[in-house]
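# Chain and residue survey
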Amino acid sequence: MYAQVLDQNDSGVKSREDMSEQEQIFQARIDAGEKIEPKDWMPDAYRAMLIRQIGQHAHSEIVGQLPEGNWITRAPTLERKAILLAKVQDEAGHGLYLYAAAETLGVSRDQLTEMLHQGRMKYSSIFNYPTLTWADIGAVGWLVDGAAIMNQVPLQRTSYGPYARAMVRICKEESFHQRQGFAIMMKMANGNDAQRRMAQDALDRMWFPSLMMFGPPDKDSTHSTRSMAWRIKINGNDELRQKFVDQTAPQIEFLSLTCPDNNLKWNEEKQGYDYTDPDWKEFFAVLKGNGPCNKERLGARVKAWEDGAWVRDGLMAHARKNAARTVAKGENENVQ
Ligand code: BYC
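Residues numbered from 1 in each chain as written. Predicted model: local features only at pLDDT ≥ 70, side-chain atom pairs only at ≥ 80, totals over all residues. Heavy atoms only, no water.

### Examining the overall build of the chain
Counting its regular elements, the chain contains 14 helices and two strands. Over its C-alpha atoms the chain spans a radius of gyration of 22 Å, differing by no more than 12% from the 20 Å that the globule rule assigns to 336 residues. In terms of principal-axis extent, the alpha carbons of the chain reach across some 80 × 55 × 35 Å. In the chain, buried positions account for 47% of the 336 residues. Across the chain, every contact between residues at least 6 apart in sequence was considered, and the portion connecting residues at least 24 apart equals 78%. If you average the places of the 42 positive and of the 45 negative side-chain charges in the chain, the two averages end up 5 Å apart. (Helix = DSSP H or I, 4+ residues; strand = E, 2+ residues; numbered from the N terminus. Rg over C-alpha atoms; globule rule 2.2 N^0.38 Å. Buried < 20%, exposed > 50% of the residue type's maximum accessible area, 1.4 Å probe, protein only. Contact = heavy atoms within 4.5 Å. Lys, Arg positive; Asp, Glu negative; His and termini not counted. Charge placed at Lys NZ, Arg CZ, Asp CG, Glu CD.)

In structure tokens:
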């Protein structure tokens, strides 16, 4: 059923005349700002669009634990370790809320996981880059969570109720994540020469991959038009990328760091910064599985899934026994 629904996920927007009566009523509800709920009628392609986006979002939260988890044992102080541990646990929680939201659309978490492991579903490109130093943990919180918030705050108003509600809690936690990242960057940027160099190096490596998080330029975005017509996406990729650059450029200055983009410059006329686009060839190569860490990240997820099989089997066996006991108890009570 899920594969069939995905096959119908073409990106064209239907004109009102081409819509069935049911589709017209549905579109009118979206246009009026109503939330669509799991039991409501929805076009198959709307369902497929949501499953794709929410599923990929959930996978990003789960795979996104890996680059940061890499530093839990090497955090420089006990306090930093406790904060990082809490952040990484939050990401697991975000993954679970999102898988639960996707399940309301008729796809199971196991199906989504299988598709990730088979390379049939994506996760955010950013997590295919390595975290080489402690300053990278600061840069991930500051830039990666910063970009995530920019994209996710509008998603609190997305048209699908369970997704919008999941985003409310996620956004609250993401803003704590962003602040802890910026706090690390402030410490490093105001530290000794070696620490300043690490902070600059982290910014140099993370800047362009962070810009890629918003997706390809609007002209190459396959889903934006349809997704925005359904208010699944509220803003275009380029608009949010620009907002992120405008928010982050003054923060770079505040840290007395240098942006790796020499063209970053305030443009009075457009009331925003001019900046250089990331290397889109690199972006598409990462999406095809050829980034620096793609194989390692997917390998780690597949291994965790296989290593955890005995736990899942044990829990299922326990649940079956409990269910059988409840049935038996009910039958005994009926006999008495
Ligand atoms: N990486 O038509 P487009 C986090 C794909 S996690 C990989 O513009 P769309 C965090 C796209 O899927 C934050 N793939 O797509 C976690 C499509 O391919 P398919 C994650 C990308 O969906 C742990 C194709 O390119 N946030 O914060 O309209 C620790 C064409 O693109 C990317 C979300 O997931 C990418 N960057 O727009 C720390 C937010 N960009 O599916 C932090 C929810 C594009 O046709 N998602 N693609 O094979 C969205 O808002 C949208 O899906 C996107 C892309 C803006 C990302």
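Let's pick the thread back up.
### Focus: the packing of helix H6 (residues 109-117) against helix H13 (residues 294-307)
Running from N to C, H6 and H13 cross one another at 140°; their axes reach a closest spacing of 10 Å. Judged by the inter-axis angle, H6 sits oblique to H13. Here H6 runs over H13; the crossing is left-handed. Contacts from Asp110, Thr113, Leu116 and His117 of H6 reach H13 at Leu298, Arg301, Val302 and Trp305. Residue classes in the contact of H6 with H13 are distributed as four nonpolar, two polar and two charged. (Axes fitted to C-alpha atoms, helices over the stretch in contact; angles between N-to-C directions. Parallel < 35°, antiparallel > 145°, perpendicular 65-115°, else oblique. Left-handed = near helix turned anticlockwise from the far one by under 90°. Nonpolar A, V, L, I, M, F, W, Y, C, P; charged D, E, K, R; others polar.)

### What to know about the site of the ligand
Taken together, 35 residues form the shell around the ligand, and within it Gln56, Lys122, Ser221, His223 and Lys233 come nearest. Here an oxygen atom of the ligand and a side-chain polar atom of Arg52 are 3.0 Å apart. One of the side-chain nitrogen or oxygen atoms of Asn237 is found 2.9 Å away from an oxygen atom of the ligand. Calculation on the ligand without its partners gives an accessible area of 1000 Å², and the protein chains cover 90% of this total. When residues of the shell around the ligand are traced back to their parent elements, those giving at least two are helix H3 (44-63), helix H5 (78-103), helix H7 (134-155), helix H8 (161-189) and helix H12 (280-290). Residues that form the shell around the ligand fall into these classes: twelve nonpolar, 14 polar and nine charged. (Near = heavy atom within 4 Å. Polar contact = N/O pair within 3.5 Å; in protein donor to acceptor, adjacent residues only side chain to side chain. Areas by Shrake-Rupley, 256 points an atom, 1.4 Å probe, with all protein chains shown as cover.)

### Section: helix H11 (residues 237-254)
For H11, spanning 18 residues, the distance from its first C-alpha to its last is 26 Å, which sits close to the expected 26 Å at 1.5 Å a residue. Taken as a whole, H11 has its buried residues at Asn237, Leu240, Arg241, Gln242, Phe244, Val245, Thr248, Ala249 and Ile252. Buried residues in H11 make contact with H7, helix H9 (193-212), helix H10 (224-229), strand S2 (272-274) and H12. Of the residues one or two after H11, Ser256 is the one with positive phi, at around 55°. (Expected span 1.5 Å × (residues − 1).)

### A few points about the side chain of Ser224
Note that Ser224 resides in helix H10. There is a polar contact of 2.6 Å between the side chain of Ser224 and the side chain of Ser221. Not counting the four nearest positions on each side in its chain, Ser224 is found in contact with Lys233 and Asn237.

### Things to note about empty space enclosed by the protein
All told, the structure shown has one cavity of 30 Å³ or more when counted by the stated rule. By volume, the largest cavity is sized at about 60 Å³. Considering the residues around the largest cavity, the lining is formed by Pro67, Ile126, Phe127, Tyr129, Thr131, Val140, Val144 and Met206. Of the residues assigned to the lining of the largest cavity, the class counts are seven nonpolar, one polar and no charged. (1 Å grid on protein atoms, 1.4 Å probe; cavity = no way out; pocket = protein on both sides within 12 Å on 5 of 7 lines; lining within 4 Å. Points joined across faces, edges and corners; volume = space filled by probe spheres on them.)

### Brief notes about the nonpolar core
Trp134, Trp142, Trp207, Phe244 and Leu257 are the most contacted members of the largest nonpolar core, which has 42 residues in total. Counting residues per element, the ones that place at least two in this core are H5, H7, H8, H9 and H11. Sort the elements by how many residues they give to this core and H7 lands first, with ten residues. With 29 residues, the next largest nonpolar core counts Met49, Tyr99, Leu105 and Met115 among its residues. (Core = buried A, V, L, I, M, F, W, Y, C linked by side-chain atoms within 4.5 Å.)

### Observations regarding the environment of Leu132
Residue placement: Leu132 occurs in the loop between H6 and H7. Taking C-alpha positions, Leu132 is 9.4 Å from Asn70, a pair spaced 62 residues apart along the chain. With residues up to four places along the chain from it excluded, the contact list for Leu132 reads Trp71 and Arg205.

### Section: the pattern of salt bridges
This model, assessed by the stated rule, comprises 14 salt bridges. With its nearest N and O atoms 3.0 Å apart, the salt bridge here joins Asp145 to Lys87. A residue pair is termed long-range when its members are at least 10 positions apart, and Asp145 in helix H7 and Lys87 in helix H5 qualify at 58 residues. Like Asp145, the residue Lys87 is buried in the burial classification. Notably, a salt bridge pairs Glu173 with Arg169, separated by 3.4 Å at the nearest N-O pair. Of the two residues, Glu173 and Arg169 are both situated in helix H8; the distance of four residues between them amounts to about one turn of the helix. A single salt-bridge network, built from bridges that share partners, covers Glu68, Lys87, Glu91 and Asp145. (Salt bridge = Lys/Arg side-chain N within 4 Å of Asp/Glu carboxyl O.)

By themselves, these observations are geometric and do not establish any function.
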